[in-house]
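# Examining the three-dimensional arrangement
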Amino acid sequence: MPSENIAVKSIVRCRPLLADETSHGCKNIVKIAGNKVVVDANGKENSYGLDGIYVSDVNNSVIYKENCDSLLHRALEGYNVGLLAFGATNAGKTYLMVGNNQDEGIIPQLCNNLYTQINQRSNKEFFITVSYLEVLDGEMMDLLNPHTNEMKIREHPNKGIYVDGLSELVCHNQDELKMYFDQGTRARKMAASDMKAHRTRAHSIFNINIEQKEKQSSKVGIRSTITLADLAGCEVQDADADTLQRAETQAILNVITALADSKKKGGHVPFRDSKITRLLQEMLSGNTITMMLAVVSPADKCYKQTLSTLEHAQMIRNVKNKVKLNVDDTQTVINELRNEISKLKDKIAASNEPKQEDVSKMEELVQDLQVAKKFSISEREKLSTKYAEDRKINLSKKGILEWVMGSDKQGSVEVQEKLLLLQKEKDQLTIQYKDKRKIIGDLKEELQNKITEYSKFTESGQKSESETKSRVNAIKTLKDKLKEETEKIKRIKDELNVLLDKQQTERQNAQAQISALKGNANLRQKVEVEERQRLEAENKTLIDEELDRIQMEIESKKADVQMQIAEGKTYTVEEGKKLEIELAELQAEKSVVTLKLHCLEKEKAHVSKELDEIYQLHHDELELQQLQHYQTFRQYRQMFEEQKVAIEQRYRVLLEEALQDAVYLSARNQEILQEQAPLKQQNAEMKDVITKLGGKIPPLEN
Ligand code: ADP
Ligand code: MG
């Protein structure tokens, strides 16, 4: 098959400033000038020429129509195509690819249009499958079927790079295709244990495989793959960025730079440096018609990221991919392999002592056949059915089955989803908070020990200046560290508070939804109980933390005083009084908090008593209902019995009547027989007369 060189294209989308950015005084620094996009970076204008420029308020549908629809047509002609959303975190990649209800993203639009096109080609039969992969910190996850089996990146001589072990599901119509995409996208969010990392570091690749063939024709078919990648934030890294994150994004940036360079000089492109670059290899230097969708924020504070994104978007246009029409040769390959195997089998069977090389060749061929069969439609259909079953189990193991699969049925999904995500974020922060508290606790203890040791040392009278100095310094360092950690924990606490506020708002929304669950008392009760238990737990931790904080402050005060005494400071009566007052205040605060805790405990007891009562009431009601049902049942049963008796009675009468009829008929029969006897006699006599007359019947006498 001849191939043609097609350059990678790139277009840029710059979203409007977000409300949050405007309120923080961000300025818009991105504009269009002629056929270029211009970025004003601190007074210096940088301009970039690309294949399409969309700045400010442009709907996703415009970008789809002007750029992606033609790619879909190429895919339907049998060419692989790829779309790559590229840009910094928060620039709007996911918005462009996935979109929302008001502004559908590129992927859902492409799913719709694919089936519109398929339905217009009634002379052809299609086989469509999808897979959805996420790569986070070098780990791959199967979004349609989140199993824990090993997945490996492999290369097939004709089909290129693929992921062995990734579930491929068959789609029969547009709804199924969109459903798989939606569900995978939901699993993407829900399965994440680290929300922040997920938002910035997760790459996702949605693949649509198309195979088609003319109906009732022996002509070979064609096939193609549409690859839709939503990359993690490719930011210019801060010094404190996570090493893993740096490695993966850096690998992508390195590959793009190396590709642009190799155009000039030729040379190595480090695709194998990370999983994500290896997965993108087919798009960036293989058999794919590729378009990069560079996405940038217009805010001045993001100018570094914007420049970097646009530079890479421009660089990538130097890449020319060798693209060819994909003929579906799976069946031909299978047939050829089968032929070869059968010939070799005969050869081995015919010889007394088969050659070792023939045996190894045979093993190889069998293995090739197994691989080839994996790509056959029948095999993939079979596997798809199995995956469809497995995915329910695997989603439920992750605890997200209902969220991923059942949600289109419930109206309150969006709010519930937001709540769940917030809760996840909060859980994560709470863990960080606890870790920090432990660190602070340990530091405090160490400080306390150091101070005690120091007091003993000074009391012992063996003062040496250098020793004193080093001890005092050690204590000082510890105190600084403690201060630093305390600052950090304060920031976490602030973040937690912001989250709590958000949760509060969302919960109010959810409450409105809960009352909409009217009519399903059971469900409502369950939701309410859960809500109450969660609130209780939250209140309790808040108060525990408060108590802890006060305790810590008291300890720290104590340590300070000890330290100063150890350093030889004496307290004036005035200072002593002040300290006593401070201490008393803290103690008072502590007792207030303890009191609050008591009150909460009491309230909890009260609430759970109330709950028990509600349960009891509910239980009683249920029992009553059951009793009523039982009674109704009995009534029916009685009615049934009565009717049964009546029917039996009626049958008995009918039977008796029938018997009487039978007796009557039999008697009548007898009578008829008797009545016939003289006639029989007469008949016999007549026969005799006829015989005597020689068989002649005498003429009738008048
Ligand atoms: P990324 O995936 O690049 O990290 P997102 O797609 O999540 O970024 O977008 C970040 C924020 O910007 C989201 O709140 C999103 O709703 C908003 N946003 C992105 N693009 C647009 C747009 N074109 N119009 C309006 N809001 C947008
Ligand atoms: Mg995103």
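Residues numbered from 1 in each chain as written. Chains lettered and ligands numbered in written order. Predicted model: local features only at pLDDT ≥ 70, side-chain atom pairs only at ≥ 80, totals over all residues. Heavy atoms only, no water.

Per an unreviewed UniProt entry, the protein chain goes by Kinesin motor domain-containing protein and derives from Lottia gigantea. Quoted verbatim from the Subcellular location (unreviewed entry) field of the UniProt record, the comment on the protein chain reads "Cytoplasm, Cytoskeleton". Heading Sequence similarities (unreviewed entry) of the UniProt record for the protein chain holds this comment: "Belongs to the TRAFAC class myosin-kinesin ATPase superfamily. Kinesin family." (UniProt positions renumbered as here; feature names shortened; annotations may be inferred.)

### Notes on the packing of aromatic side chains
All chains considered together, the criterion is met by 5 aromatic pairs. Summarising the aromatic geometry, the rings of Tyr162 and Phe375 are spaced 5.4 Å apart at their centres and angled 80 degrees between planes, so their arrangement reads as edge-to-face. Here Phe375 lies in the loop between helix H11 (356–374) and helix H12 (377–397) and Tyr162 lies in strand E11 (residues 160–164), a separation of 213 residues in the sequence. Geometry around Phe375 places Lys159 over its ring, the cationic atom sitting 4.7 Å from the centre. The cationic tip of Arg471 hangs over the ring face of Phe457; the distance from NZ or CZ to the ring centre is 4.6 Å. (Phe/Tyr/Trp six-rings, centres within 6.5 Å; stacked < 30°, edge-to-face > 60°. Helix = DSSP H or I, 4+ residues; strand = E, 2+ residues; numbered from the N terminus. Lys NZ or Arg CZ within 6 Å of the ring centre and 35° of its normal.)

### A closer look at the domain arrangement of the protein chain
Partitioning the protein chain into domains gives domain 1 (3–327) and domain 2 (330–405). The straight-line distance from the C-alpha centre of domain 1 to that of domain 2 is 31 Å. Taken residue by residue, the interface counts 25 residues in domain 1 and 20 residues in domain 2. Of all residues in domain 1, Phe127, Pro146 and Gln183 give up the largest surface area on contact with domain 2, accounting jointly for 23% of the area buried on that side. Among the ionic pairs, Glu211 bridges to Arg380, the shortest N-O distance being 2.7 Å. Summed over the shared surface of domain 1 and domain 2, the result is 8 residue pairs in polar contact (both at pLDDT 80 or more). Among the elements of the structure, strand E8 (124–136), E11, strand E12 (169–171), helix H5 (174–190) and strand E13 (202–214) are those that each provide at least two residues to the side of domain 1 that touches domain 2. The element that contributes the greatest number of residues to the side of domain 1 that touches domain 2 is H5, accounting for 5 residues. Counted by class, the side of domain 1 that touches domain 2 contains 13 nonpolar, 7 polar and 5 charged residues. (Domains from an automatic or database assignment. Contact = heavy atoms within 4.5 Å. Buried area = accessible area lost by both parts, 1.4 Å probe. Salt bridge = Lys/Arg side-chain N within 4 Å of Asp/Glu carboxyl O. Polar contact = N/O pair within 3.5 Å; in protein donor to acceptor, adjacent residues only side chain to side chain. Nonpolar A, V, L, I, M, F, W, Y, C, P; charged D, E, K, R; others polar.)

### Here's the deal with the packing of helix H10 (residues 330–350) against H11
Packing of H10 against H11 brings their axes to within 10 Å, and their N-to-C directions diverge by 155 degrees. Looking at the two axes, H10 sits roughly antiparallel to H11. Regarding H10 and H11, the two cross each other, and that crossing is left-handed. Of the residues in H11, those in contact with Thr330, Val333, Ile334, Leu337, Arg338, Glu340, Ile341, Leu344, Lys345, Lys347 and Ile348 of H10 are Asp358, Val359, Lys361, Met362, Leu365, Val366, Asp368, Leu369, Ala372 and Lys373. (Axes fitted to C-alpha atoms, helices over the stretch in contact; angles between N-to-C directions. Parallel < 35°, antiparallel > 145°, perpendicular 65-115°, else oblique. Left-handed = near helix turned anticlockwise from the far one by under 90°.)

### Overview of the side chain of Glu211
Considering the arrangement of structural elements, one finds Glu211 in strand E13. On the basis of relative accessibility, which here comes to 7%, the residue Glu211 falls in the buried class. A distance of 2.7 Å separates polar atoms of two side chains, one belonging to Glu211 and the other to Arg380. If we ignore the near neighbours within four places in the chain, the residues touching Glu211 are Glu125, Phe126, Phe127, Ile222, Arg223, Asp328, Ile377 and Arg380. (Buried < 20%, exposed > 50% of the residue type's maximum accessible area, 1.4 Å probe, protein only.)

### Considering empty space enclosed by the protein
In total, this model carries 2 cavities of 30 Å³ or more according to the counting rule given. Looking at the largest cavity, its volume works out to about 40 Å³. Counting residues per element, the ones that place at least two in the lining of the largest cavity are H5, E13 and strand E14 (222–230). (1 Å grid on protein atoms, 1.4 Å probe; cavity = no way out; pocket = protein on both sides within 12 Å on 5 of 7 lines; lining within 4 Å. Points joined across faces, edges and corners; volume = space filled by probe spheres on them.)

### Here we look at the UniProt feature "binding site: ATP" (unreviewed entry) in the protein chain
Here, UniProt's "binding site: ATP" (unreviewed entry) annotation points to Gly87, Ala88, Thr89, Asn90, Ala91, Gly92, Lys93 and Thr94. By the secondary structure assignment, Gly92 is in the loop between strand E7 (81–87) and helix H3 (93–97). For Gly92, a relative accessible area of 18% gives the class buried. Among the structural elements, Thr94 can be located in helix H3. Apart from the residues within four sequence positions on either side, Thr94 is in contact with Gly99 and Asp230.

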